[in-house]
Structures are given as C-alpha cells and as structure tokens.
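# Summary of the model geometry
Next come the chains, spelled out residue by residue.
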Amino acid sequence: MTPDEKTSQTRDGVIQLVEETARIDTRTVETGKVRVRTVVDEEPVVVSATLSGNYVTVDRIAIDRVVDTVPPPREVDGVMIISVVEERLRVVRELVLVEEVHMRDVRTADPFEQTVTRRVMRAVIERESTNRETE
C-alpha cells in the first residue's frame, strides 16, 4: 500500500481530502469626487513707459537776394536749409534768392502712465467625499 492510499482510508472507510484556495477580486468603490474649475481674477496694474517721438518745425526766412546759381540744400547746426529761387525778368535775367526754408528735427520724450486691467487665471479644486461604507 502506498502512503497516499493509507491517508485516503480509515478504519471506517474513505476520508475525503479538502483543499482551501484563496481568490482576490477587485472592484471600484467611489470614495469621493473632485471638481476643477478655473476662475479669472482681474486686478488693475499701472504700466509706465517713456514715449519718444520726432516732429519737424518749419521756419520760412525771407532773403530776396540776387544769386548766380541755385544754392544746394545744406545743413547748418542740425538745421536743413533748402533754398527757393525764382526767375525775374528784367533787362537781364537774374536769380533772386526769395527765401530759405529752415527745418529743425526736434526730439521729445514724455513720460506715459496708464492703468490697465490684467487678468489672472487660477484653478480652484474642490473635493467632495462620499460616506459610503465598504460592502
């Protein structure tokens, strides 16, 4: 008789062998909720800068002088001078310098400040728990 046969028999008869097995199952249990939303806050912000620009002044200077040739445009101390001539008929033709146009480049720098609205987005997270007991 083998050892297996000895354990499967007793004085009264046959003994059934029993074996336990373990099993693990998973299930989803809701324990709470999370809500995410965005909120836009507005806040006034002062921005400042220096605005620069150029403008040109024009002065017309009367000359009324006879010249032999048309003077070329020239610049003197940052002033552009453009000569304007006309022909006048007399017994002889002569060039008369009628006027000069003086143009000056003037630079400006003015402080500038303005209040603007800045928008900032932030996330708000809210948690809701459910009081469900495990089954």
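Residues numbered from 1 in each chain as written. Predicted model: local features only at pLDDT ≥ 70, side-chain atom pairs only at ≥ 80, totals over all residues. Heavy atoms only, no water.

On to the side chain of Glu100, then. In this fold, Glu100 is placed in strand E4 (residues 93–129). By relative accessible area, Glu100 is classed as buried at 8%. Side chain to side chain, Glu100 and His102 meet in a polar contact 3.1 Å long. Beyond its immediate sequence surroundings of up to four residues, Glu100 is in contact with Asp59, Arg60, Ile61, Ile63, Arg74, Ile81, Ile82 and Ser83. (Helix = DSSP H or I, 4+ residues; strand = E, 2+ residues; numbered from the N terminus. Buried < 20%, exposed > 50% of the residue type's maximum accessible area, 1.4 Å probe, protein only. Polar contact = N/O pair within 3.5 Å; in protein donor to acceptor, adjacent residues only side chain to side chain. Contact = heavy atoms within 4.5 Å.)

Structurally, Arg88 can be placed in strand E3 (residues 79–89). Taking C-alpha positions, Arg88 is 9.8 Å from Val66, a pair spaced 22 residues apart along the chain. The contact partners of Arg88, leaving out residues within four places of it in the chain, are Asp64, Arg93, Glu94, Val96 and Val98. In terms of polar contacts, Arg88 uses its side chain to reach the side chain of Asp64, at 3.3 Å. A distance of 2.7 Å separates the side chain of Arg88 from the side chain of Glu86, its partner in a polar contact.

Glancing now at the confidence of the model for the chain. This prediction gives the chain a mean pLDDT of 83; 87% of its residues lie at or above 70. Looking over the chain, one finds the lowest element-wise mean pLDDT in helix H1 (residues 3–8), namely 50, and the highest in strand E2 (residues 74–76), namely 93. (pLDDT = per-residue confidence, 0-100.)

Together, Val34, Val36 and Ile125 make up a nonpolar patch on the protein surface, roughly 290 Å² of accessible area in all. Along the chain, the position of Ile125 falls in strand E4. On the accessibility criterion, Ile125 (54% relative accessible area) is exposed. (Patch = residues over 30% accessible without salt bridge, like charges linked within 9 Å, V, L, I, M, F, W, Y side chains within 5 Å. Areas by Shrake-Rupley, 256 points an atom, 1.4 Å probe, with all protein chains shown as cover. Salt bridge = Lys/Arg side-chain N within 4 Å of Asp/Glu carboxyl O.)

This part takes up the sheet that holds strand E1 (residues 32–67). Each strand in a sheet pairs with its neighbour through backbone hydrogen bonds, running either in the same direction (parallel) or in the opposite one (antiparallel). Taken in spatial order, the four strands make up an open sheet running E1-E4-E3-E2, and their pairing is antiparallel. Edge positions in the sheet fall to E1 and E2, since each of these pairs with one other strand and no more. Across the sheet, the mean angle from the axis of one strand to that of its neighbour is 30°, orientation sign disregarded. Relative to E4, E1 is paired through 34 bridges, and the arrangement is antiparallel. Residue pairing in the sheet places Asn54 in a bridge with Arg107 of E4. (Pairing = 2+ DSSP bridges. Axes fitted to C-alpha atoms, helices over the stretch in contact; angles between N-to-C directions.)

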